[in-house]
Amino acid sequence: MNPTELILSGTRPPGVYRLANNWNADFVVEPLTRQGWRGVYVDGQVVKDKASFLRVAGLAMDFPNYVGQNWDAFEEAIRDLAWTGPTQGYVLFYDGVWHLPWHDREAWQTARSILTDAVAFWRAQETPFYVLLSRTWWYARDVAKLA
């Protein structure tokens with residue numbers, strides 16, 4: 001099964017997953033969007049540190065302008081998402097993940113922790129939240145594979 005089918009079928013519970021193949025973001029996110037999900041694409045090729053992660057992720061998630069460029073603000077915003085409107089669930093496709101830990105391992109650890117906590121938060125709200133990590137290299141080998 002491809003990642004979209006696994007998500008829509010509920011075969012894999014919400015979580016942070018590493019994609020075994022180099023799945024195309026459009027192939028994964030677009031079908032979910034058509035099913036009423038909120039899909040987000042984070043281009044990790046331009047993420048090299050905390051500041052660039054917060055900027056790129058905030059733009060991708062369409063955070064309001066008032067959201068600050070710090071970890072606390074990111075964590076609060078990713079747990080709110082009220083401005084996105086009604087949704088079946090969220091999927092964040094983070095492509096080229098390896099760039100961040102290669103350049104700033106501490107920022108990667110913090111971002112990963114916040115994303116993992118966001119999955120748990122949304123699970124408690126009964127709203128699925130998936131984080132799909134693509135092109136991780138060895139930095140996420142301890143993360144379960146989705147497909």
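Structure report, in brief.

The rules behind these values
- Residues numbered from 1 in each chain as written.
- Predicted model: local features only at pLDDT ≥ 70, side-chain atom pairs only at ≥ 80, totals over all residues.
- Heavy atoms only, no water.
- Pairing = 2+ DSSP bridges.
- Helix = DSSP H or I, 4+ residues; strand = E, 2+ residues; numbered from the N terminus.
- Axes fitted to C-alpha atoms, helices over the stretch in contact; angles between N-to-C directions.
- Contact = heavy atoms within 4.5 Å.
- Phe/Tyr/Trp six-rings, centres within 6.5 Å; stacked < 30°, edge-to-face > 60°.
- Buried < 20%, exposed > 50% of the residue type's maximum accessible area, 1.4 Å probe, protein only.
- Salt bridge = Lys/Arg side-chain N within 4 Å of Asp/Glu carboxyl O.

### What about the sheet that holds strand β2 (residues 38–43)?
Spatially, the four strands line up as an open sheet ordered β1-β4-β3-β2, and their pairing is parallel. Of all the strands in the sheet, the pair left with one neighbour each is β1 (16–18) and β2. Taking each pair of neighbouring strands and ignoring which way they run, the sheet shows an average axis angle of 20 degrees. Direction of pairing for β2 relative to strand β3 (residues 90–95): parallel, over a ladder of six bridges. Each bridged residue has a counterpart across the sheet, and for G39 the counterpart in β3 is V91. Packed on one face of the sheet, helix α6 (residues 105–124) meets β1, β3 and β4 (129–134) and runs near 150 degrees to β4.

### Regarding the packing of aromatic side chains
Throughout the structure, instances matching the rule amount to 14 aromatic pairs. Between Y41 and F93, the ring centres sit 6.1 Å apart and the planes meet at 25 degrees, which makes this aromatic pair stacked. Taken together, the residues span a long stretch of sequence, with Y41 in strand β2 and F93 in strand β3 at a distance of 52 residues. On the basis of relative accessible area, F93 is assigned to the buried category, the value being 0%. A ring pair is formed by F63 and W83, whose centres lie 5.7 Å apart and whose planes are at 90 degrees; its orientation type is edge-to-face. In this pair, F63 sits in the loop between α3 (50–60) and α4 (71–78) while W83 sits in the loop between α4 and β3, placing the two residues 20 residues apart along the sequence. These aromatic residues form a ring-pair network of at least three members: F53, F63, W71, F74, W83, Y94 and W108.

### Description of the environment of A57
The topology assignment puts A57 in helix α3. With relative accessibility at 1%, the residue A57 sits in the buried group. Put simply, A57 and M1 are 56 residues apart on the chain and 28 Å apart in space, counted from C-alpha to C-alpha. Among all residues touching A57, those that are not within four sequence positions of it are V42 and F74.

### Describing the pattern of salt bridges
For the structure shown, the criterion picks out two salt bridges. Put simply, E30 and R34 hold a salt bridge, and the shortest N to O gap is 3.8 Å. Of this pair, E30 and R34 are both found in helix α2 (residues 25–34), four residues apart, which corresponds to roughly one turn of the helix. Relative accessible area serves as the criterion here: at 59%, R34 is assigned to the exposed category. Between E75 and R79 there is a salt bridge, with its nearest N and O atoms 3.6 Å apart. E75 sits in the partly exposed class, given a relative accessible area of 23%.

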